[in-house]
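Summary of structural features
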Amino acid sequence: IYNFNILLKGLCKNREFHKAISLVREMRRNGPLPDAVSYNTIISGFCKEKELEKALELMYEMEANHSLPGLVTWGILIDAFCRAGNMEEAMALYEDMKCKGIEADVVVYTVLIRGFCDRGEVVKGKALLDEMLQRSISPNAITYNTLIRGLCKIGQLKGASEMFKIMMERGVRPNVYTYTALVDGLCSVDKTKEALQILNLMIEKDEEPTVVTYNIILNKLCKDGLVGDAFKVIELMKKRDSRPD
RNA sequence: GUUCGACCUCCA
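Here is a short report on the structure shown in this document. (Residues numbered from 1 in each chain as written. Chains lettered and ligands numbered in written order. Predicted model: local features only at pLDDT ≥ 70, side-chain atom pairs only at ≥ 80, totals over all residues. Heavy atoms only, no water.)

Okay, the side chain of Asn5 next. Topologically, Asn5 is positioned in helix H1 (residues 2-13). Judged by relative accessible area, Asn5 falls into the buried class, the value being 9%. A distance of 2.6 Å separates a polar atom in the side chain of Asn5 from a polar atom in the side chain of Ser38. Setting aside anything within four residues of it in sequence, one finds Asn5 in contact with Asp35, Val37, Ser38 and Thr41. (Helix = DSSP H or I, 4+ residues; strand = E, 2+ residues; numbered from the N terminus. Buried < 20%, exposed > 50% of the residue type's maximum accessible area, 1.4 Å probe, protein only. Polar contact = N/O pair within 3.5 Å; in protein donor to acceptor, adjacent residues only side chain to side chain. Contact = heavy atoms within 4.5 Å.)

Put simply, H1 and helix H3 (residues 36-48) touch, their axes get as near as 9 Å, and they point 10° apart. By the angle between their directions, the pair H1 and H3 is classed as roughly parallel. Contact with H1, carried on its side by Asn5, Leu8, Lys9 and Cys12, involves Val37, Ser38, Thr41, Ile42 and Gly45 of H3 and no other residues of that element. Here the contact of H1 with H3 is composed, by residue class, of four nonpolar, four polar and one charged. (Axes fitted to C-alpha atoms, helices over the stretch in contact; angles between N-to-C directions. Parallel < 35°, antiparallel > 145°, perpendicular 65-115°, else oblique. Nonpolar A, V, L, I, M, F, W, Y, C, P; charged D, E, K, R; others polar.)

If you walk through the whole model with that rule in mind, you get three aromatic pairs. On the basis of an interplanar angle of 25° and a centroid distance of 4.5 Å, the ring pair of Phe17 and Phe46 is categorised as stacked. Remark: Phe46 occurs in helix H3 and Phe17 occurs in helix H2 (residues 17-30); sequence separation between them is 29 residues. Under the relative-accessibility criterion, Phe46 is labelled buried at 6%. Judged by centre distance (6.1 Å) and plane angle (65°), the ring pair of Tyr94 and Tyr109 falls under edge-to-face. Of this pair, Tyr94 sits in helix H6 (residues 87-99) while Tyr109 sits in helix H7 (residues 106-118), and the two are 15 residues apart along the sequence. Each member of the pair, Tyr94 as well as Tyr109, is classed as buried. (Phe/Tyr/Trp six-rings, centres within 6.5 Å; stacked < 30°, edge-to-face > 60°.)

By nearness alone, 30 residues border RNA strand B, and Tyr2, Asn5, Asn40, Asn140 and Asn145 come closest of all. Counting only atoms of RNA strand B within 4 Å of the protein, the sugar-phosphate share comes to 38%. Here Arg114 contributes a side-chain N or O atom positioned 3.2 Å from a phosphate oxygen of RNA strand B. Between RNA strand B and the protein, one listed contact pairs a base nitrogen with a side-chain N or O atom of Asn140 at 2.8 Å. Those elements that provide at least two residues to the surface near RNA strand B are H1, H3, helix H5 (71-83), H7, helix H9 (141-153), helix H11 (176-188) and helix H13 (211-223). In terms of residue count, H7 provides more of the surface near RNA strand B than any other element does, five residues in total. Split into classes, the residues belonging to the surface near RNA strand B amount to twelve nonpolar, eleven polar and seven charged. (Near = heavy atom within 4 Å.)

In this structure, Ile42, Ile43, Ile78, Leu112 and Ile148 are the most contacted members of the largest nonpolar core, which totals 79 residues. Here the element with the most residues in this core is H7; it accounts for eight residues. In this view, Ile42 contacts Leu8, Cys12, Phe17, Ala20, Ile21, Val24 and Leu58; residues no more than four positions away in its chain are not counted. (Core = buried A, V, L, I, M, F, W, Y, C linked by side-chain atoms within 4.5 Å.)

See the structure below:
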């Protein structure tokens, strides 16, 4: 079954969904029987191609056959609707999921939070964070990163740095994405000096900036005509591991 | 042990 699931994934990557579906039917006949992973793999493939209706259809097929949609299945679909900006449908799926007795986990919550944040509805994202905490589901770095990014995007840098503090207070270690989100937020409101401080902070904390982090700063410096400073940053990159790309 | 879901910039 692992082998077949790997094949299914390959077919999906090549967008050969018809072959993937045929293979599943063939598996139903001759075994090994497709399992939840088989279905989830194809559903995820459809979602990546934005074929949400096909994805839903396959979930119903899954339901009608042997494997009930599980937490991962719901997560894939909820994520897809969030990415499409359709939070109404995403929340409707979330409710359906709960009706079926499946409890959201940190991934599902984070996906929903991201959906709201991408629409600028950070308040709703924060409400979900509170809901998680009430239910003793621990938010992880990705959850906080998502909210920090959302706050930055609506220009609430103070909110973002508060969230950053809260995250650390709760024992969640900021990662490169966290710092990079802050650097991006600070640059976008012209606080380049503070962004550079964050850059230094992350180096202190042993979270090596990536080429993306440097790009954000370089982009900002160049936009402001500070090309000389940009070259200094390039020097810093070379001094550390990073190869400018 | 090996297969499915969530996080960063620009460009295309």
